[in-house]
Every structure is written in structure tokens, then in C-alpha cells.
Amino acid sequence: MDVSAYIEDVYQEVRRRGPGEAEFHQAATEVLTSLRPVLERHPEYAGSGILERLVEPERQLMFRVPWVDDAGRVRVNRGFRVEFNSALGPYKGGLRFHPSVNLGIVKFLGFEQIFKNALTGMAIGGGKGGSDFDPKGRSDGEVMRFCQSFMTELYRHLGEHTDVPAGDIGVGAREIGFLFGQYKRITNRYESGVLTGKPVGWGGSNVRTEATGYGTVYFAEEMLAGRGHSFDGRRVVVSGSGNVAVYAIEKVHALGGTVVACSDSSGYLVDEDGIDLALLKEVKEVRRERIQAYAEARPTARFSSRGTVYDVPCEVALPCATQNEVRRDDAVALVKHGVLAVAEGANMPCTPEAVEVFREAGVLFGPGKAANAGGVATSALEMQQNASRTTWSFADTEAKLATVMRGIHAECRATAETYGGNAEDYVLGSNVAGFLRVAAAMAAQGVV
Ligand code: GLU
């Protein structure tokens, strides 16, 4: 069999079926390209149509979300849930509320989620959802009414054994609370495990809030350790200033590094003394303001709306903002400044051109589906606690998260070594290791 031609055929079918779904095409081709050495060893996966089935979601939901704003005006948004793959467990993945959300974005996120979730070794399938609703500038009442309307359609597709959403960009504890309340009201069931990312106190897990950021730093720490380095004394740049970024900064500081810059969609912030986390949390989480307010409150800081955060020299970069934020030029600047490692806290923040620059320069690169799997892994821990009606301590939960991240790192290396001869090829390692778990389950479950 000509494996390359077969993979190209599968990819062309993806493009034909979903014209305009650029981000999904990007995510699909990245994974499919990695699978050549796997299909050469396991031609049986081609025979049972695993690839053709993997790239086609099991179910795709799109629905109208009408709600009334504070001025009494009727607003209409579009809701999505893509239930991509349930070979390993119930569909699992976050909800993103952001004006950029469309089917192509949700499909890319859902597709990535299949492999990420498989890598955790936990019993979770892959899915993703969201809406083009923009929570920015909306009152709590408006956000609540939107969430209630969204759940009024979505509830019929969810269940602790069916589909378990969580947060993503624009969806945090507040939104999860409103969504859970409406699900409970409609179904008349206190089904804790139907949503994760709940606040600690009524079914949420310790460390879930911190998990994606912490996990990304653990992963980067492991990559650095492979070359005899650590975070201690290192200059670090983090993009974004949301949930993932904030807790990545916290963990870098705990490990002795200094995060000197972070960003939001309006620009970036440099603080040579190291980002003051208490102030950043106050600005972002309490006041829900832009990071410019941080610079105004701290004399050592400066804000810039020109260039990108990657213009700031650093030894480790953690892109924690959004997809395709790191362009070729940013990667070239990072390499010029001598970056050692890049680990993706966001989903697919580095463009393929940027990844190529890192590869050529020998920079350690941890792709999101491995490096940011700590969030969803801790969601799976939340599901375990909900199922057994228990709560684990912060320390116990964090220890489990650290174990999962180290396990993913080790598995990526071993798989990359086996299938490509280079343990540091984390792209190959994560794609192949995730694929092997899902493919084995799909093959065993027959053509479904
Ligand atoms: N949205 C997160 C991710 O990209 C978390 C998903 C979850 O916890 O289900 O993995």
C-alpha cells in the first residue's frame, strides 16, 4: 500500500467535506502526516477505515441560542457541540464562548481533544463546543440568560456517561455554574459529573482551575530536564493572561523562573521584576479588565500595543493565548534570542511555519495536545471524585496531575523514539501515542 497516497486521500476528503474549515484542516493534516510510520507498521488500521472514521465527527450539533440583553433587545447566537469520538469514554472537552467561534474552530478543537484525552490514559473521548457569544462587557445577568438558553438546547445531548463539557476561552467558573444550574433544573437531577470545572465546594475538584497552566509548566520542566536544564533562574515569556497563563506564571515562579511578559488581545506587558501575580489576578479575575490596567498600577511595568510579546527576549516561551498566535516571524525572533523550549498552553497556538522554525533550530517544542493535557486530565479526576462522591485534597490532586504530565512526557518520548528515532520529536510522539490508544479501541469496537 502507498501509505502517503492513502493519507493524502483521507485529507482531501476532509477538505472536500468541510470547505472553509481552515483550522480543522490544519489540525487534521498535522496529525495525519505523523501517522505514516504507524500505518507502515499497522496496515490493518487502513483496512478497517480508522482514519476515515477518525476525521469524521460522530455527531455535530448546531443550534440557535436566543436571549434577551439588559436593554430588552433580543439577541441571537449560534451554539455548537461536536461529539467527535467516543472510543475511549464519554465525549469530553470544553466550551468556548468567543466571537471567533465557528464550526471549523470547534472541529479543530474537538479533533485535538481526541488525541489529548487519549494521551492522559483516562477514560475520556473527544468533543468540543461553544458559541460565538462574546461575554466581554456583558453583565452577570446577561451571561446567565445566555447560559440558560444555551443549556436549554444542549442538555438533551449531555450526561455523565454521554458527553461532559467544561470550560475553555470565555467559559470559567461563573459560566459553568449557570450551565449546571439550568441542567439541574431541566433534568431534575443533581448529576455532578455532567460538567467539570465546577467551583470547589459543590462538586468541583481542587487544582482544576490551576491544572492547565501548572501542567504545561510540568511538561516544559520535563523537556528541559531531558537536556539537563531547569526553570531555575530562567527568563520566561507567557502569552495570554487568562486562566491558563495566570497559573503557568504561578508555577514558573514557584520553580524559580521569572515571567517577564504576558499579553492580551490589545497588546503585551513587560515587567522586568517578574509579573506580580496578585495584581494580575486582581485586574483579570476580579476587575475583568485589560492588562493595560496592570501597567498603570505598577511603575516597573510597561505596556505596548505594537509588535508581539515574543519580541521580549526569553529562554522559555509558553504560548497560552489562542490558536495560530505564534507566526513564523515570532518563532524567528524567539530563536534569535536563544529560546531553549516552547510549550503550548493553548490549543495549536503555533502555526506550522513557526513549528518548522523551532524544529530546524533544534528548539524543544511541546505541542498542546501533550503540554496542555493537564486541564482535561484534572477534569477526569473531577469526574472520578464525582462518581465516588468524594473530594481529594489540593496536595493529593496536584500529585496526581504531576504524575499524569510526567507520564505523558515519557510516553511521547518513547513513542517518538520507536516511530521516528528521535525522542525529542514530541509532535510525532504525541500524535502517534494518542492515535494508537484510540485506534486500538476503535478497531476492537467494530465499524461504528
Ligand atoms: N478546554 C480544555 C482543553 O482544551 C479543557 C477541557 C476539559 O476539561 O474538558 O483541554
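For the structure, see preceding data.
J.: Even after reading the chapter, I still don't get a negative patch on the surface, so can you show me in this structure?
T.: Side chains of Asp2, Glu8, Asp9 and Glu52 sit close together on the surface and give a patch of like negative charge. Checked against the element boundaries, Glu52 lands in helix α5 (residues 50-54).

J.: Would you mind showing me how to read the nonpolar core here?
T.: The nonpolar side chains of a soluble globular protein tend to be buried, and buried together. Counting 59 residues, the largest nonpolar core has Leu318 and Ile408 as its most contacted members. Per-element accounting of this core gives the leading share, 8 residues, to helix α9 (residues 208-225). The contact partners of Leu318, leaving out residues within four places of it in the chain, are Thr216, Val217, Ala220, Val236, Val237, Val238, Ser239, Ala248, Val252 and Ala343. Val10, Val31, Tyr419 and Ala441 belong to the second-largest nonpolar core, a separate cluster that totals 43 residues.

J.: Honestly, the sheet that holds strand β5 (residues 163-167) in this entry has me stumped. Any pointers?
T.: The strands making up a sheet are joined through hydrogen bonds of the backbone, oriented either antiparallel or parallel. Read across the sheet, 5 strands follow the order β1-β2-β4-β3-β5 without closing on themselves; strand pairing throughout is mixed. Two strands in the sheet have a free side with no partner beyond their single neighbour: β1 (59-68) and β5. Taking each pair of neighbouring strands and ignoring which way they run, the sheet shows an average axis angle of 20°. In this structure, strand β2 (residues 74-85) lies alongside strand β4 (residues 126-131), joined through 6 bridges in antiparallel fashion. Residue pairing in the sheet places Val82 in a bridge with Lys128 of β4. Against the sheet, helix α6 (residues 103-119) engages β1, β2, β3 (91-97) and β4, with an angle of about 150° to β4.

J.: Can you walk me through the sheet that holds strand β8 (residues 267-271) in this structure?
T.: Pairing is mixed in the open sheet, where 7 strands are placed in the order β9-β8-β7-β6-β10-β11-β12. For this open sheet the edge positions go to β9 (301-304) and β12 (364-366), each flanked by a neighbour on one side alone. On average, adjacent strands in this sheet sit at an angle of 15° to one another, irrespective of strand direction. Strand direction decides the pairing type here: strand β6 (residues 235-239) and strand β7 (residues 258-264), joined by 3 bridges, are parallel. If you follow Val237 over to β7, its bridge partner there is Ala261.

J.: What's the story with the packing of aromatic side chains in this structure? I'm lost.
T.: In this description, an aromatic ring pair is defined by two values, namely the gap between the centres and the angle between the planes. Counted by the stated rule, this structure contains 18 aromatic pairs. Both rings, one in Phe97 and one in Phe150, keep their centres 5.3 Å apart while their planes meet at 75°; by these two values the pair is edge-to-face. With a gap of 53 residues between them, Phe97 in strand β3 and Phe150 in helix α7 (residues 140-154) connect regions that are remote in the sequence. Per residue, the accessibility class of Phe97 equals that of Phe150, and both read buried. On the basis of an interplanar angle of 65° and a centroid distance of 5.1 Å, the ring pair of Phe180 and Tyr190 is categorised as edge-to-face. Note that Phe180 is positioned in helix α8 (residues 173-187) and Tyr190 in the loop between α8 and α9, a separation of 10 residues in sequence. Taken together through their ring pairs, the aromatic side chains of Phe63, Trp67, Phe97, Phe133, Phe146 and Phe150 make up a single cluster.

Conventions used here
- Residues numbered from 1 in each chain as written.
- Predicted model: local features only at pLDDT ≥ 70, side-chain atom pairs only at ≥ 80, totals over all residues.
- Heavy atoms only, no water.
- Patch = residues over 30% accessible without salt bridge, like charges linked within 9 Å, V, L, I, M, F, W, Y side chains within 5 Å.
- Areas by Shrake-Rupley, 256 points an atom, 1.4 Å probe, with all protein chains shown as cover.
- Salt bridge = Lys/Arg side-chain N within 4 Å of Asp/Glu carboxyl O.
- Lys, Arg positive; Asp, Glu negative; His and termini not counted.
- Charge placed at Lys NZ, Arg CZ, Asp CG, Glu CD.
- Helix = DSSP H or I, 4+ residues; strand = E, 2+ residues; numbered from the N terminus.
- Core = buried A, V, L, I, M, F, W, Y, C linked by side-chain atoms within 4.5 Å.
- Buried < 20%, exposed > 50% of the residue type's maximum accessible area, 1.4 Å probe, protein only.
- Contact = heavy atoms within 4.5 Å.
- Pairing = 2+ DSSP bridges.
- Axes fitted to C-alpha atoms, helices over the stretch in contact; angles between N-to-C directions.
- Phe/Tyr/Trp six-rings, centres within 6.5 Å; stacked < 30°, edge-to-face > 60°.

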